[in-house]
Amino acid sequence: MEKHLICLDLDGTLLTDEKEISPFTKKVLLELKKKGHELMISTGRPYRASEPYYRELDMTTPIVNFNGAFVHHPSDLYFRTVHEELDLEVAQEIVRRVPDLNIQNIIAEVKDNVYLHYHDEVLFEAFSMGNPEIRIGDLTQTIESGPTTILIQAEEPEVPNIRQALDDLFADTIEHRRWGAPYPVIEIVKKGINKAVGVNYVRGYMGIDQKNIIAFGDEDNDTEMIKYAEHGVAMGNAIKEIQDAADYAADTNNNDGIGQFLNDFFKLRL
């Protein structure tokens, strides 16, 4: 069989609700890697929060972080990194406008540095994986360059109104996606950036045909990637938008959805 590129979202997809890769799914993925197929993480997470899983699966591929805004290769210094920043003035204007929309906090990330608008011990703990530099204070003053992403935390009922306001105010310059559990968070990146853009870049670099791409996802930030892949797979716990966009359905993230699907697809009989 020709070499395939297997693109793995993390939360709600590769990872169980306990944020672990289940033993069976890991066994299947490592077997496919042994057979010459390529595994790649494509996530909204920063690299520091993806690295443990990248290492666990002994990956040697580029990685798509921040929903495509940061595409890099952890072990190849010659790989041409892609870092698509939000315009600093746009980012500052977002920070000035969104507090009027009944939000809880605003977080900016510049690669692996974190900036919190308001002090929050829970968020501080959540974003401290990988020991980034964390600064707290007015983001219009603390961020000095265009951020990779801006995150807006709000109560669940407020999320649709905030997303609509972002469309009304900034539709020409930004993309926004909603995170899944456990945080009701809206993630903002530069216009035109999504996971499919990152996957396509890596596919070209690796010389793998689009018809040999398999992608798994569960949330709206996976939509473009699922549609782009020849074999787009919705997890059993995926939102309806992903289920509608996908070519295939897998079991849930807690029930070896990826492992079962790939075991059958490649006829591994594990």
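These lines cover the structure that appears in this document, whether it is placed above or below. Note that this is a predicted model, so its numbers are computed, not measured. Throughout this description, residue numbers start from 1 for each chain and increase along the sequence as written. Given that the model is predicted, a residue must reach a pLDDT of at least 70 before its local features are reported, and side-chain atom pairs must reach 80 or more before they are shown or counted; all residues, however, enter totals for whole chains, interfaces and linings. Values reported for side chains reflect all heavy atoms of the structure, with hydrogen atoms and water molecules removed beforehand.

1. Quick notes on the environment of I258
Note that I258 resides in helix α11 (residues 257–265). Relative accessibility thresholds used throughout: buried, under 20% of the residue-type maximum; exposed, over 50%; partly exposed, between the two (1.4 Å probe, protein chains only). By relative accessible area, I258 is classed as buried at 1%. Spatially, the C-alpha atom of I258 lies 7.9 Å from that of M235, the residues being 23 residues apart in sequence. In what follows, residue pairs with any heavy atoms lying within 4.5 Å of each other are defined as contacts. For I258, the contacting residues outside a window of four places in its chain are L8, T13, L14, T25, L29, F216 and M235. Only DSSP runs of H or I covering at least 4 residues are called helices, and only runs of E covering at least 2 are called strands; the numbering of each starts at the N terminus.

2. Quick word on unusual backbone geometry
Unusually for a residue other than glycine, D256 sits at a positive phi of about 55 degrees. Considering the arrangement of structural elements, one finds D256 in the loop between β14 (248–249) and α11. Look at K267: it is not a glycine, yet its phi comes out positive at around 50 degrees. Since its relative accessible area comes to 60%, K267 is described here as exposed.

3. Quick look at the environment of K240
Looking at where K240 falls in the secondary structure, it is placed in helix α10 (residues 240–245). What makes K240 exposed here is its relative accessible area of 58%. For the pair K240 and N263, spaced 23 residues apart in sequence, the C-alpha separation works out to 25 Å. Separated by 2.7 Å, the side chains of K240 and D244 make a polar contact. Pairing of N or O atoms within 3.5 Å defines a polar contact, subject to two protein rules: one partner must be a possible hydrogen donor and the other a possible acceptor, and residues neighboring in sequence count only if both atoms are side-chain atoms.

4. Looking at the side chain of R178
Mapping R178 onto the fold places it in strand β10 (residues 174–178). Here R178 is in contact with E156, V159, R163, P184, V185, E219 and D220, once residues within four sequence places are set aside.

5. As for the nonpolar core
We define the nonpolar core as a collection of buried residues of types Ala, Val, Leu, Ile, Met, Phe, Trp, Tyr and Cys that are connected through side-chain atoms lying within 4.5 Å of one another. Of all hydrophobic cores here, the largest spans 27 residues; its most connected members are I6, L8, L14, F216 and L262. Contributions of two or more residues to this core are made by β1 (5–8), α1 (10–14), α2 (23–34), β2 (38–41), α3 (51–56), β12 (213–217) and α11. Excluding its chain neighbours within four sequence positions, the residues that come into contact with L8 are L14, L29, M40, I41, S42, L57, M59, F216 and I258. Grouped together as the second largest cluster of nonpolar side chains are 23 residues, V98, V110, I143 and I188 included.

6. Describing the pairing of strand β9 (residues 149–153)
With five of five residues buried, β9 is to be regarded as a mostly interior element. A two-sided burial pattern is seen for β9, the buried positions comprising T149, L151 and Q153 on one face and I150 and I152 on the other. At least two bridges found by DSSP between two strands is the condition for calling them paired. Two strands pair when backbone bridges link them, and strand β6 (residues 105–110) and β9 are joined in this way by five bridges, in the antiparallel orientation. Looking at the pairing, N105 lines up with Q153 of β9.

7. Some words on the sheet that holds strand β8 (residues 134–136)
Taken together, six strands build an open sheet; the order of strands is β8-β7-β6-β9-β11-β10 and the sheet is mixed. Either end of the sheet is taken by a strand with one partner, and the two such strands are β8 and β10. In this sheet, neighbouring strand axes are inclined to one another by 20 degrees on average, regardless of whether the strands run parallel or antiparallel. For strand β7 (residues 113–116) and β8, the ladder comprises three bridges, and the chain directions are parallel. In the strand pairing of β8, V114 is matched with I134. The convention used is that axes are lines fitted to C-alpha atoms, helices contributing only their stretch in contact, and that angles between N-to-C directions extend from 0 to 180 degrees. Packed onto the sheet, helix α7 (residues 159–170) meets β9, β10 and β11 (185–190) and runs at close to 170 degrees relative to β10.

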